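Chains, contacts and geometry: an overview
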Amino acid sequence: MLNKGILVLFVGLFAVLLFAPPPLHAGQPAEHRLTLEARRFAFEPGVIQVNQGDRVVLELESVDVTHGVYVDGYGVEAVSEPGHKARLEFVADRVGKFKYRCSMACGSLHPFMVGELVVRPNLPYWQGVALALLATVGSVAYLWKRSLPTPANPGLQAVGRRIELTRIPLLKRLLLWRGFQPVLMLITLFGFVLAVMTGLFGTPVGSKNFAIIFVWIVWWALLKIVLVPLAGRLWCTMCPIPAPGEWLQRRGILVKRGDRPLSLARKWPRKLDGVWLQNAGLLAVTIFSPIILTVPSVTGMVLLTFIVMAVVLSLVFERRVFCRYFCPVGGFVGLYSLVSPLELRVKDAGVCRHHREKECYLGSAEGYGCPWLIKPWRLQRNAHCGLCTECLKTCPKDNVAVNLRPFGSDLFVQAGRGLGEAYTALIMLTCALLYSAIFLGPWGWLKDWAAAASISGRVLYAGAFLAVNLIVVPGLFGLAVALSKGLSGVRGVSLKQLFINHSYALVPMGLSLWVAFSFSFLFVNGSYALSVISDPFGWGWDLFGTRAYPWTPYLPQVVPYLQVTTLVAGLVFSIYVAYRIGQGHSADEGQTMRGLIPIAAFLAVVTVAFLRLYLG
Amino acid sequence: MNKQELLVRCAALLITVGFPVSVFAYQHVYLPGTHGEAKVIDLVARAPEAGGWSPEIITVNKGDTVRLRIIGQDVVHGFAIGRLGIDVGPIIPGEVATVEFVADQAGRFTYYCNVWCDPYHYRMRGTLEVVDPAAPDALLMTEERSDFAGPDIDSPHEAEFYPVNPPSAVRGQALADRVELPSLGNLRSQSPSAVFQAIREQDSAASLSDEEVWDLVAYLWSTATTPERLATGEALYARNCVGCHGEAGRGDGPGSRHLEEPPTDFTDARTMAGGSSEIYYAKIRRGGMGTGMPYWGTIFTEEETWSIVDYLWTFLFGEPTEMEGLATLEFTKDNRKAQVMITCDQDKQITNVIITTGQE
């Protein structure tokens, strides 16, 4: 009865907020005439607020180099050479926030030179915020009323039913073929070699360089929006970076040879086990991202460094030490792969217990021992399994399967949790927040700071960036966890352990933040890929006749709606995960629910912060 | 080694070694062989602070068909070659703009960026040397700065007399018959201030107000040019001068932010009325010593320079738009002549109708 009442109440509120006619705008439409000053890499003013129906007349005045302005959703554009003003006129008849962006390449941070036009009443924003808050309250209320049964051991038990994909004969044959991974790697290696070449020798203009467009727009968006959410570490199956090192180490590509590897085959020191190296690498890359993401030669150098590192580490250490301990992408892909519905697992642990040969770890004539330093019979979570399919090939008992499973299954597994991964989750969340503010926001001073040329400026930026990543956001999250502990009265679990446990609730949200972030540049800048594919170096080639394809933002007005949907979905998922995690360390349902409230509040605040950045 | 292994090893080698080698071979060995007769030169455009033109000197033989591939590498630049009438327009970063011409004139020519790109934009210049193989030593030296020893162009020339309100050449023309104009000689060497004074001193001008005398001066200046020349001057000004002097001539272009001494404000009547066409001509060609004004003698032809000077006077004597759509009708009947002159502005609004009658 109460359940139904709550449901009706929420649906009603929801409907009113989403479908209520917008408040009629009182007063006559005004005309806004203003000079829009453009300098690298910001507009002045950075935010323009008007009311629906107002006429906007912009005089674009570039003061340093040639800039353009393009208004999302309105599709109007003007270009101003310094000294020549350009005029832009339109009636602001759509409500919401629209970016106006520089439409003429003007230097490294050009793709991030944006301002914001807010046409009031900004209904999409308020609807988004209402939706996020309703979703928070609704989810908590639902979990409270439903009281989902606590699984006896959420770690080992299947959280849902699995569908074994390796039952499909064709797929199984493909995965057992030694050429499966190498052929994928050869394909991506081709792209990788092209990216390094274009990065180092192509045009320094990012928007016309294959390296920048295909690494940071096409690959990145594909990774974040498709591969990781749907297939976890599937990228690691085909990643070309470890390929040359691994092939050298194995003295062959397809063949399985019995002789000693071409490597000193040192063991990785136990002391350095964990993801802290990857966290450090991730922070290093993100601190320099304003340069790495925009300067082709730097992208080329970074890619080259990665592959050289991977080769050297293959020759010194056994297996894939680079992937497991160094690759900064591997760190967060591993964490987010906990969410993905794809997994590789042994079918029956009992079979392994009685089988002493352990070919899956030691290797056999059919294949190599796990390159990722995993003991497959103990594998419970995706984090470090690179889906290389070697164990499928080596297991003589046919006891390894690739499964489809419910999203997020691994988040409830307690074994393997650690402070390192907690920090990966927090760093990724914080970086999404900082990137959204620095790159997608209208604040020129932030961009100036991020791209600071002086040593002192850079050090200051790096310091602030690190402080927010390592202290501020973890501190705020720690506060929420402490509140959760106090409110719930959980005993016998340290604050540190609770901090670690709850950080896994940030994983679905973090992933959704990155998906939302990726939407913003994929739709707006995806069209560069068409021109770059015909002229990857910017040398004037026209391989497929698409070189002259102009920069065309696709449906930029749809992006905010996709972002709201993604963010709210991530929020609801995260609250559910927080609840399930809470069940793992709470004595009863009351403790779980009381402990959930501060965490849900933290998640809601993060979501609203993003809505503010994207839509507000 | 089995066949499959051999195959993938070959593929790996092709991708990591064969592919890069063939790309560079195609670009640097094969492509240059396909250009035929044309001499193809890659010219990289970077802002002066990042290196400017590369190369800065291009040498070709007289008679060569030259194909320049201009490659923008940072921000929007322009490309033009002075005295050859070549202007490619904006060079979009990351794109390759191509221009082809026959170098049929021996000599040194200046190519330069004509889209403001940097505080040192005006240093973005290079030299095209067209050598006559028959007389390789006779590479003509283009005009040097020292050629402009004519008028004293460096001392201030503040006007004694200058118009308070914008004068009108159209009104001035109507007055021209009423006044006996003094013999003025070559107008190009006179300042408006001096001409005003000369007319003011005429007895026949005694009944005219100062404003009317300025209208007359404006009329005299308008007779010394043609609409075509003003159009040329306006286009050259827009392409080359607005960077510092601004679209409206007020000396407020984006380049002015980087200059200690502000660029000349052509709308300042006191300054303008004190100078002569010859002074402005010389300043443009030689550049302003000690100021940010670059020299244009190696870029503009003499005729082009005079066109710009003529256009500069419109900042003092009225916008050229007022002259637009100027129509003159003449009627003659029984030895009597009537002339109707109609002017309108850009919006096709009639600004003035002047009817003059007289005996033929």
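Residues numbered from 1 in each chain as written. Chains lettered and ligands numbered in written order. Predicted model: local features only at pLDDT ≥ 70, side-chain atom pairs only at ≥ 80, totals over all residues.

1. A short note on the overall build of chain B
When you go through chain B residue by residue, the secondary structure sums to nine helices and twelve strands. Taking all 360 residues of chain B together, the buried fraction comes to 36%. A separation threshold of at least 6 residues defines the contact pool for chain B, and within that pool the share at least 24 residues apart is 65%. (Helix = DSSP H or I, 4+ residues; strand = E, 2+ residues; numbered from the N terminus. Buried ≥ 20, exposed ≤ 12 C-beta atoms within 10 Å, placed from the backbone. Contact = placed C-beta atoms within 7 Å.)

2. Some words on the environment of G457 of chain A
Checked against the element boundaries, G457 of chain A lands in helix α18 (residues 455–488). Aside from chain neighbours lying at most four places away, what touches G457 of chain A is W449 and A452 of chain A.

3. Some remarks on helix α8 (residues 277–286) of chain B
Helical geometry: 3.6 residues make up each α-helical turn, so side chains three or four residues apart lie on a common side. Residues and elements named next belong to chain B. For α8, a buried count of nine out of ten residues is recorded, marking the element as mostly surrounded by other parts of the structure. Within α8, burial applies to S277, I279, Y280, Y281, A282, K283, I284, R285 and R286. Summarising the contacts, the buried residues of α8 are in contact with α9 (302–317). In the stretch just after α8, G287 is the one whose phi turns positive, near 90 degrees.

4. As for the sheet that holds strand β6 (residues 76–80) of chain A
All names here are of chain A. With respect to topology, five strands assemble into an open sheet ordered β3-β9-β8-β5-β6, the strand pairing being mixed. Pairing within the sheet leaves two strands with one partner each, and these edge strands are β3 (47–51) and β6. Shown here is a sheet whose adjacent strand axes are inclined to one another by a mean of 20 degrees, direction ignored. With five bridges connecting them, strand β5 (residues 67–71) and β6 associate as antiparallel partners. Bridge pairing links V71 to V76 in β6. (Pairing = 2+ DSSP bridges. Axes fitted to C-alpha atoms, helices over the stretch in contact; angles between N-to-C directions.)

5. With respect to the nonpolar core
The biggest cluster of nonpolar side chains holds 239 residues, and the ones touching the most others in it are V69 and V507 of chain A together with V217 of chain B. The element best represented in this core is helix α20 (residues 506–525) of chain A, accounting for 13 residues. Those residues in contact with V217 of chain B, other than ones at most four positions away along the chain, are P167, P192, V195, F196 and I199 of chain B. (Core = buried A, V, L, I, M, F, W, Y, C linked by C-beta atoms within 7 Å.)

6. Observations regarding the pairing of strand β9 (residues 125–131) of chain B
Residue and element names in this part refer to chain B. Side chains G126, L128 and V130 of β9 all project onto a buried face; the interleaved residues R125, T127, E129 and V131 project onto a face where none is buried. Looking at chain direction, strand β3 (residues 57–61) and β9 are connected through five bridges and run parallel. In the sheet register, V60 faces β9, and the bridge partner there is V130. Here strand β8 (residues 107–112) runs beside β9; their pairing, made up of six bridges, is antiparallel. Bridging across to β9, G107 finds its partner in V130.

7. With respect to the domain arrangement of chain A
All names here are of chain A. When the domains of chain A are assigned, the result is domain 1 (31–121), domain 2 (124–151 + 426–615) and domain 3 (178–411). A straight line from the C-alpha centre of domain 2 to that of domain 3 covers 25 Å. Facing 28 residues of domain 2, the contacting portion of domain 3 comprises 33 residues. Residue assignment for the side of domain 2 that touches domain 3 shows that the elements contributing at least two residues are α16 (419–438), α18, α20, α21 (528–534) and α22 (559–585). The element best represented in the side of domain 2 that touches domain 3 is α20, accounting for nine residues. Here the residues of the side of domain 2 that touches domain 3 sort into 23 nonpolar, five polar and no charged. (Domains from an automatic or database assignment. Nonpolar A, V, L, I, M, F, W, Y, C, P; charged D, E, K, R; others polar.)

8. Considerations on the sheet that holds strand β7 (residues 96–102) of chain B
Residue and element names in this part refer to chain B. In spatial order, the strands read β2-β1-β4-β7; together these four strands make up an open sheet with mixed pairing. Only two strands of the sheet have a single neighbouring strand rather than two, namely β2 (53–54) and β7. As judged from the seven bridges shared by strand β1 (residues 39–45) and strand β4 (residues 65–72), these two strands associate in the parallel manner. Its bridge partner lying in β4, V44 is registered against I71.

9. A few points about the interface of chain B and chain A
Each partner contributes residues to the interface: chain B has 33 residues there, and chain A has 33 residues. Listing elements by their share of the side of chain B that touches chain A, those giving two or more residues are α1 (3–30) and α6 (242–245) of chain B. With twelve residues, the top contributor of residues to the side of chain B that touches chain A is α1 of chain B. Residues that form the side of chain B that touches chain A fall into these classes: 18 nonpolar, nine polar and six charged.

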